[in-house]
Amino acid sequence: MPGCELPVGTCPDMCPAAERAQREREHRLHRLEVVPGCRQDPPRADPQRAVKEYSRPAAGKPRPPPSQLRPPSVLLATVRYLAGEVAESADIARAEVASFVADRLRAVLLDLALQGAGDAEAAVVLEAALATLLTVVARLGPDAARGPADPVLLQAQVQEGFGSLRRCYARGAGPHPRQPAFQGLFLLYNLGSVEALHEVLQLPAALRACPPLRKALAVDAAFREGNAARLFRLLQTLPYLPSCAVQCHVGHARREALARFARAFSTPKGQTLPLGFMVNLLALDGLREARDLCQAHGLPLDGEERVVFLRGRYVEEGLPPASTCKVLVESKLRGRTLEEVVMAEEEDEGTDRPGSPA
């Protein structure tokens, strides 16, 4: 509001001491936040692992004092911790990890919104938080809907993250070195959306000319045209983070390609096609995934390595079968940590900086 100056946070920890003590008393600490090996009741909070949880702002509730708000530097360190330590936890189910990380990232964005951070430093926090969320969502398995992570809520949170970040960019107070990469991520996550494409095409020409955005526009064009060969060739060239962003569209693109095959090849007596051809064309993870894809759409197999296109047999029921996407996503980490990807993904894309983003 006019004349209302927002404070700057002063809390030096990922979780304020008062909240740690309260949640410890109330048995509300997540197992990722307690002292390792602690057996006492209630479990003791570890100041190096506890992260501020999200608490919905209530009408009439006073703003938290600066001592309860983390400044941008601490917020960025918190996101780095979530990406580097929590997101890669091997001994906890990925759905539980995603639920924890998503909640703590919501708290990060709320702290950021409640204080007077500059656009440049706010954008860095928003970029890191959004990248972390994209990676943990991409790592969810096909059974995530039955776990603590709700895919619909996670999708909404990703879209909110893009909205906050792009509004920050639009205010024009830069520089924002990673803007080309994240504008490209926005288009890839919303592949096929007329509204998303329109918003990207309104960006300055210098920004649209950057490699990440050019690649995203090419992927979107191939998706719209139904050009499966070009689409999956392009998808295989994307770095890890853009691959995470586009992963939610892979199943639908494969289904559309298979439907086109069925229309083109189906005969009354049946025509066969090598599954290896489909593996290569659709960037599948192997013959087994190709067989599963065909059988999920009612297409019979001829042995272990060929599919039969019989007229009238192709069907679509429910969502496309889930894929592990090892070829299109997981393999692209190439030994890097999620923290490295989250903090500097655009360096892998040979990004040319726009001369003037305004």
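All values derive from a computational prediction rather than experimental measurement.

Focus on the overall build of the protein
Phase 1: When helices and strands are counted, the protein shows 15 helices and two strands.
Phase 2: Computed over its C-alpha atoms, the radius of gyration of the protein comes to 23 Å, within 12% of the 21 Å expected for a compact globule of 358 residues.
Phase 3: Viewed in the frame of its principal axes, the protein has a C-alpha envelope of about 75 × 55 × 40 Å.
Phase 4: Summed over its atoms, the accessible surface of the protein is roughly 17400 Å², and 52% of this surface lies on carbon and sulfur atoms.
Phase 5: Where the 44 positive side-chain charges of the protein centre and where its 43 negative ones centre are 4 Å apart.

Thoughts on helix α5 (residues 151–170)
Phase 1: Between its terminal C-alpha atoms α5 stretches 28 Å, which fits the 28 Å expected from 20 residues at 1.5 Å a residue.
Phase 2: Where α5 is concerned, the buried positions are L154, Q157, V158, G161, F162, L165, R166, C168 and Y169. Along the axis of α5, the buried residues cluster in a sector spanning 165 degrees; they form a single face. With respect to the buried face of α5, the exposed residues turned more than 90 degrees away are V152, L153, E160, R167 and A170.

Here we look at the packing of helix α10 (residues 228–237) against helix α12 (residues 250–265)
Phase 1: As a packed pair, α10 and α12 sit with axes 10 Å apart at the nearest point and diverge in direction by 150 degrees. The angle between α10 and α12 falls in the class roughly antiparallel. When the axes of α10 and α12 are compared, the crossing they make is left-handed. From α10, A228, L231, F232 and L235 reach across to α12, where they touch V250, A253, R254 and A257.
Phase 2: Its residues placed into classes, the contact of α10 with α12 shows seven nonpolar, no polar and one charged.

A short note on unusual backbone geometry
Phase 1: Residue H27 is not a glycine yet carries a positive backbone phi of 55 degrees.
Phase 2: Along the polypeptide, H27 turns up in the loop between α1 (17–25) and α2 (72–86).
Phase 3: Classification of H27 by relative accessible area gives partly exposed; the value is 49%.

Structural notes on the packing of helix α7 (residues 194–201) against helix α9 (residues 211–225)
The description of two packed helices rests on the angle between their axes and on the distance between the axes.
Phase 1: Put simply, α7 and α9 touch, their axes get as near as 12 Å, and they point 150 degrees apart. The pairing of α7 with α9 is recorded here as roughly antiparallel in orientation. The hand of the α7/α9 crossing is left-handed. Within the contact between the two elements, α7 uses V194, L197, V200 and L201 and α9 uses L213, L217, D220 and R224.
Phase 2: Looking at side-chain class alone, the contact of α7 with α9 contains six nonpolar, no polar and two charged residues.

Comments concerning the packing of aromatic side chains
Phase 1: By the definition in use, this model includes five aromatic pairs.
Phase 2: Ring centres of F162 and Y189 lie 5.9 Å apart, and the angle between their planes is 40 degrees; this geometry places the pair in the tilted category. Of this pair, F162 sits in helix α5 while Y189 is found in helix α6 (residues 179–189), placing the two residues 27 residues apart along the sequence.
Phase 3: A relative accessible area of 9% places Y189 in the buried class.

Section: the layout of surface pockets
Phase 1: Its volume calculated, the second largest pocket comes out at about 550 Å³.
Phase 2: Together, 24 residues line the second largest pocket, and K52, S55, K61, P64 and L110 are the ones closest to its centre.
Phase 3: Among the elements of the structure, α1 and α3 (94–113) are those that each provide at least two residues to the lining of the second largest pocket.
Phase 4: A per-class count over the lining of the second largest pocket returns twelve nonpolar, three polar and nine charged.

Things to note about the environment of R80
Phase 1: Relative to the assigned elements, R80 resides in helix α2.
Phase 2: By relative accessible area, R80 is classed as partly exposed at 37%.
Phase 3: Between the C-alpha atom of R80 and that of T132, which follows or precedes it by 52 residues, the distance is 8.5 Å.
Phase 4: Excluding residues within four positions of it along the chain, R80 makes contact with E85, E339 and M343.

Observations regarding the nonpolar core
Phase 1: One finds L134, F232, L235, M278 and L282 to be the most contacted residues of the largest nonpolar core, which totals 98 residues.
Phase 2: Ranked by residues supplied to this core, first place goes to helix α4 (residues 119–138) with twelve residues.
Phase 3: Once residues within four sequence positions are removed from consideration, L235 is found in contact with V219, S243, V246, V250, L328 and K332.

Describing empty space enclosed by the protein
Leftover empty space is mapped by rolling, across the atoms, a probe with the size of a water molecule.
Phase 1: Tallied over the full model, the rule gives one cavity of 30 Å³ or more.
Phase 2: Lining the largest cavity, in full, are L105, L109, L126, A129, L130, L133, Q157 and G161.
Phase 3: Listed by contribution, the elements that provide at least two residues to the lining of the largest cavity are α3, α4 and α5.
Phase 4: In terms of residue count, the dominant contributor to the lining of the largest cavity is α4 (four residues).

Quick notes on the pattern of salt bridges
Phase 1: Tallied over the full model, the rule gives 20 salt bridges.
Phase 2: Of the charged contacts, one joins E33 and R104 as a salt bridge, the two residues approaching to 3.1 Å between their closest N and O atoms. Taken together, the positions of E33 in the loop between α1 and α2 and R104 in helix α3 put the pair 71 residues apart, joining distant regions of the chain.
Phase 3: For R104, a relative accessible area of 6% corresponds to the buried category.
Phase 4: A salt bridge links D220 to R224; the nearest nitrogen and oxygen atoms lie 2.5 Å apart. Taken together, the residues D220 and R224, both in helix α9 and four residues apart, mark about one turn of the helix.

Reading guide: rules and limits
Residues take numbers from 1 onward in each chain, read along the sequence in its written order. Side-chain atom pairs in this predicted model are given and counted only at pLDDT of 80 or more, local residue features only at pLDDT of at least 70, and totals for whole chains, interfaces and linings cover all residues. The side-chain quantities take in all heavy atoms of the structure and omit both hydrogens and water. Numbering of helices and strands starts at the N terminus; helices are DSSP runs of H or I of at least 4 residues and strands are runs of E of at least 2. We take the radius of gyration over the C-alpha atoms and set the globule estimate at 2.2 Å times the residue count to the 0.38 power. In these tables, accessible area is a Shrake-Rupley quantity obtained with a 1.4 Å probe, and a residue counts as shielded only by the protein chains included in the view. Counting rule applied: Lys, Arg positive; Asp, Glu negative; His and chain ends not counted. Note on charges: their place is set at NZ of Lys, CZ of Arg, CG of Asp or CD of Glu. Expected span of a helix: the number of residues minus one, times 1.5 Å. Here the term buried applies to any residue with accessible area under 20% of the maximum for its type, exposed to any over 50%, and partly exposed to those in between, with areas from a 1.4 Å probe on protein chains only. The directions from the helix axis to the C-beta atoms form the arc being described. Between N-to-C directions, angles cover 0 to 180 degrees, with each direction set by a line fitted to C-alpha atoms, over the stretch in contact for helices. An angle counts as roughly parallel when it lies under 35 degrees, as roughly antiparallel when it exceeds 145, as roughly perpendicular when it falls between 65 and 115, and as oblique in every other case. Helix crossings get a hand from a simple test, with the near helix turned counterclockwise from the far one by less than a right angle marking a left-handed crossing and a clockwise turn marking a right-handed one. The contact rule is simple, with two residues in contact once any of their heavy atoms fall within 4.5 Å. Any residue outside Ala, Val, Leu, Ile, Met, Phe, Trp, Tyr, Cys, Pro, Asp, Glu, Lys and Arg is labelled polar, Gly included; the first ten of those are nonpolar and the last four are charged. A pair of Phe, Tyr and Trp rings is counted when the ring centres sit within 6.5 Å of each other, with Trp represented by its six-membered ring. The angle between the planes then sorts it: under 30 degrees is stacked, over 60 is edge-to-face, the rest tilted. Only protein atoms enter the 1 Å grid used here. Points where a 1.4 Å probe fits but cannot escape make up a cavity, open sets with protein on both sides within 12 Å along at least five of seven lines make up a pocket, and a residue lines them when an atom lies within 4 Å of a point. Grid points are joined across faces, edges and corners, and a volume is the space filled by probe spheres set on the points. As used in this record, nonpolar core signifies buried Ala, Val, Leu, Ile, Met, Phe, Trp, Tyr and Cys residues forming a set joined through side-chain atoms within 4.5 Å. Each salt bridge in this description consists of a side-chain nitrogen of Lys or Arg and a carboxyl oxygen of Asp or Glu lying within 4 Å of one another.

Purely geometric stuff here, so don't read any function into it on its own.
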